[in-house]
Amino acid sequence: MISVPIMISTDSFQVNDWFLSAMIVTLLFMLIIMGPHRSAYIASFSSMFKFNNPDGDVSYPLLSSMGYVFVFILSCISVGIAVAVYSQDLMEEGSSPVFFLMWYSFAVVACFVIKLLLYTTVNKILYNKQIITVKPGRWNCFFVVTFSEAGLFILCFTILVLFLDLPLILLLVFAYLMRILVISGRIFKIKTALFKNKRSNLGFIVYLCAFEIAPIIVEFVLTSRLFGLI
């Protein structure tokens, strides 16, 4: 059977069936996994911005280990979908847009897995020395939760851009706003949950530069040079 492009808007934007199917399946699986825990996700998201009454721990939904793995992978795919919509010709017949989505999502998975491994290694050392007060596993869960929340919002906005035929630049702006929002909330939790001791201010600054600021700079350079998204 020949794949026929499905019209997303009245006359100006199209996306082929393969990519549309991948997008819908990703959204459905994310809703299935995250939907039953929506109140916990909301509490986790709001806890990042309790500036007046910062809590001393991190909050996250109680998913199974496989649940966290799946939602993490789906979030990486959501990022890949947004990049593909912004940079690729989705009217191209066949599975070429999906191939781009697959390899880009794999690259995102690899990058964030490396970041999680670095988080775990450093946090174990700091926790054993009692420099930080949150167990590495709890922080990893919190990191995946914040990443998955951003991934879901970006995916939903990507779908709106397609169906409403909005300017693609809005997708780029929204994606960066989500990154800024999540990273700023995570930085706040690093200070209020990980480095609560005021004597560890230097450690907080070094930790912040290594795990939040430096990756952003590297991502900005690679994205602009390799994909021309900026």
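Everything in this summary refers to the structure shown in the same document. (Residues numbered from 1 in each chain as written. Predicted model: local features only at pLDDT ≥ 70, side-chain atom pairs only at ≥ 80, totals over all residues. Heavy atoms only, no water.)

Observations regarding the overall build of the protein
Of the regular secondary structure elements, the protein holds seven helices and two strands. Helices (α) and strands (β) of the protein occur, in sequence order from the N terminus, as β-β-α-α-α-α-α-α-α. Within the span of the protein, comprising 230 residues, buried residues form 42% of the whole. Taking all contacts inside the protein whose residues are at least 6 apart in sequence as the whole, residues at least 24 apart take part in 73%. (Helix = DSSP H or I, 4+ residues; strand = E, 2+ residues; numbered from the N terminus. Buried < 20%, exposed > 50% of the residue type's maximum accessible area, 1.4 Å probe, protein only. Contact = heavy atoms within 4.5 Å.)

Regarding the environment of Phe157
Along the chain, Phe157 falls in helix H5 (residues 136-164). Residue classification places Phe157 among the buried residues on the basis of a relative accessible area of 17%. Between the alpha carbons of Phe157 and Phe174 there is a distance of 7.9 Å; along the sequence they are 17 residues apart. The contact partners of Phe157, leaving out residues within four places of it in the chain, are Leu170, Leu171 and Phe174.

Considerations on the packing of helix H2 (residues 38-47) against H5
One way to put it is that H2 packs onto H5 with a least axis distance of 10 Å and a crossing angle of 100 degrees. Between H2 and H5, the angle is such that the two are roughly perpendicular. For the pair H2 and H5, contact is made by Tyr41, Ser44, Phe45 and Ser47 and by Phe142, Val145, Ser148 and Glu149, respectively. Here the residues of the contact of H2 with H5 are counted per class, giving four nonpolar, three polar and one charged. (Axes fitted to C-alpha atoms, helices over the stretch in contact; angles between N-to-C directions. Parallel < 35°, antiparallel > 145°, perpendicular 65-115°, else oblique. Nonpolar A, V, L, I, M, F, W, Y, C, P; charged D, E, K, R; others polar.)

Some remarks on the state of the cysteines
With the rule as written, the count across this model stands at zero disulfides. In this structure Cys76 is a free cysteine whose sulfur lies 9.1 Å from that of Cys111, the closest cysteine sulfur available. (Disulfide = S-S within 2.5 Å.)

Some points on the nonpolar core
The biggest cluster of nonpolar side chains holds 62 residues, and the ones touching the most others in it are Phe19, Met23, Trp139, Leu194, Phe195 and Tyr207. Of all the elements in the fold, those that place two or more residues in this core are helix H1 (17-34), helix H3 (65-87), helix H4 (96-128), H5, helix H6 (168-194) and helix H7 (201-227). It is H5 that contributes the most residues to this core, 15 residues altogether. (Core = buried A, V, L, I, M, F, W, Y, C linked by side-chain atoms within 4.5 Å.)

Describing the packing of aromatic side chains
Summed over the entire model, instances satisfying the criterion amount to 11 aromatic pairs. Here Phe72 and Phe147 contribute two aromatic rings whose centre-to-centre distance is 5.7 Å and whose plane-to-plane angle is 50 degrees, an arrangement assigned as tilted. You can see Phe72 sitting in helix H3 and its partner Phe147 sitting in helix H5, a full 75 residues away along the chain. According to the relative accessible area criterion, Phe147 is buried, its value standing at 10%. Through pairs of rings, three or more aromatic residues link up here, namely Phe72, Phe112, Tyr119, Trp139, Phe142, Phe143 and Phe147. (Phe/Tyr/Trp six-rings, centres within 6.5 Å; stacked < 30°, edge-to-face > 60°.)

A word on the packing of H3 against H4
Look at H3 against H4: their axes get within 8 Å of each other, and the N-to-C directions meet at 135 degrees. Viewed along their axes, H3 and H4 adopt a mutual orientation that is oblique. Viewed along their axes, H3 and H4 form a crossing whose handedness is right-handed. Touching Phe72, Cys76, Ile77, Val79, Gly80, Ile81, Val83, Ala84 and Ser87 of H3 are Phe100, Leu101, Tyr104, Ser105, Val108, Val109, Phe112, Val113 and Leu116, all from H4. (Left-handed = near helix turned anticlockwise from the far one by under 90°.)

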